Amino acid sequence: MTNVSIAVVGPGAIGGTVAAWLSHSPSVGAVTLCARTPLDRLEVVAPDGRLIQASPRVVTDPAQIAAPVDWVLVATKAYDVAAASAWLKPLLGPETRVAVLQNGVEHVERFSPFLDADRIVPVIVDIPAERDAPGRIRHRRNGTITAPAGPAGEAFCALFVDEALVASTTEDFTTAAWTKLSLNCVGAVNALTRLPAGVVREEGVEDLMRAMVRECVLVGRAVGAKLGDEVPDWVVERTRASAPDSVNSLLGDRLAGRPMEWDARNGVIARLGEQHGIAAPLNAMAATLLSVVE
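The model shown is predicted, which means the values in this text are computed figures rather than measured ones.

Here is what the cut-offs are and how they apply
Residues numbered from 1 in each chain as written. Predicted model: local features only at pLDDT ≥ 70, side-chain atom pairs only at ≥ 80, totals over all residues. Heavy atoms only, no water. UniProt positions renumbered as here; feature names shortened; annotations may be inferred. Helix = DSSP H or I, 4+ residues; strand = E, 2+ residues; numbered from the N terminus. Salt bridge = Lys/Arg side-chain N within 4 Å of Asp/Glu carboxyl O. Buried < 20%, exposed > 50% of the residue type's maximum accessible area, 1.4 Å probe, protein only.

Colleague: Lay out the UniProt feature "domain: Ketopantoate reductase N-terminal" (unreviewed entry) in the protein chain with the relevant residues and their values.
Modeller: Within this numbering scheme, the UniProt entry marks residues 6-148 as carrying the feature "domain: Ketopantoate reductase N-terminal" (unreviewed entry). End C-alpha to end C-alpha, residues 6-148 measures 19 Å, and it is 17% helix and 42% strand.

Colleague: Pulling in residues and values, what's your account of the pattern of salt bridges?
Modeller: All told, the structure shown has 24 salt bridges when counted by the stated rule. Between D245 and R140 there is a salt bridge whose closest N-O contact spans 3.8 Å. Highlighted residues: D245 in the loop between α9 (231-241) and α10 (249-256) and R140 in the loop between β10 (136-139) and β11 (143-148), separated in sequence by 105 residues. Judged by relative accessible area, D245 falls into the partly exposed class, the value being 48%. Of the charged contacts, one joins R258 and D253 as a salt bridge, the two residues approaching to 2.8 Å between their closest N and O atoms. With relative accessibility at 36%, the residue R258 sits in the partly exposed group. Here the salt bridges do not stand alone but share partners, grouping E130, D132, R138, R140 and D245 into one network.

Shown next, in the form of structure tokens:
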């Protein structure tokens, strides 16, 4: 399918990066950005140093939507579902799919109150990108995008052609989502200390991160994820391999005084753990403290 029309709701670091790359995809005909405030253009510094520029149509009010699109990509924060849903009615046609590019493991549950679940394509995004200013983004290294196997997931992944964003499907989306959550949950350490990735090298931090991930692994297994005992060490190794000055989105939001995704990253582990009789005190504490400082 060519000349696919796309609307990206939430042009932050992830939404802006994805929109910029899709604007150069040969299968995409038009990209619309649904934003709170106007943007003149998108500029993304790619991992190889290239400057990727795009000038998609930008709308700041759902009333400005003239026609439905083929795909809606929701890249808002997980807590911002109600605001994102306001864009859906004018964007949805009979065949429109909604790809949810958010953190956590409750992509479908968040949007099911607003549209049929069979229209929703949950997407796991691993794109290390930071927004320096509205529309100005640093894409630090090549990223991955993962959707469930099936026609909808495959059609979504076919939109991406550049090696900077490798899109693929998986037969076991539950495991993939909980693997990403295992990586995301330790971001609370950065947000609570107000320190970037290099904090992992401080005394005791590696052990704390491993313990948080172990809680995530146990809860994930209870809901069907196939997570091995090696996951805590893998998360620490990934964190140590990051640029010491890199800022994850949770820390970036706290430094900027914005709301934080503490529930989607840590609270969900404690909530689902309680349902399955699994204690997750470290993630519960992280969620509680971040909710207070927010």
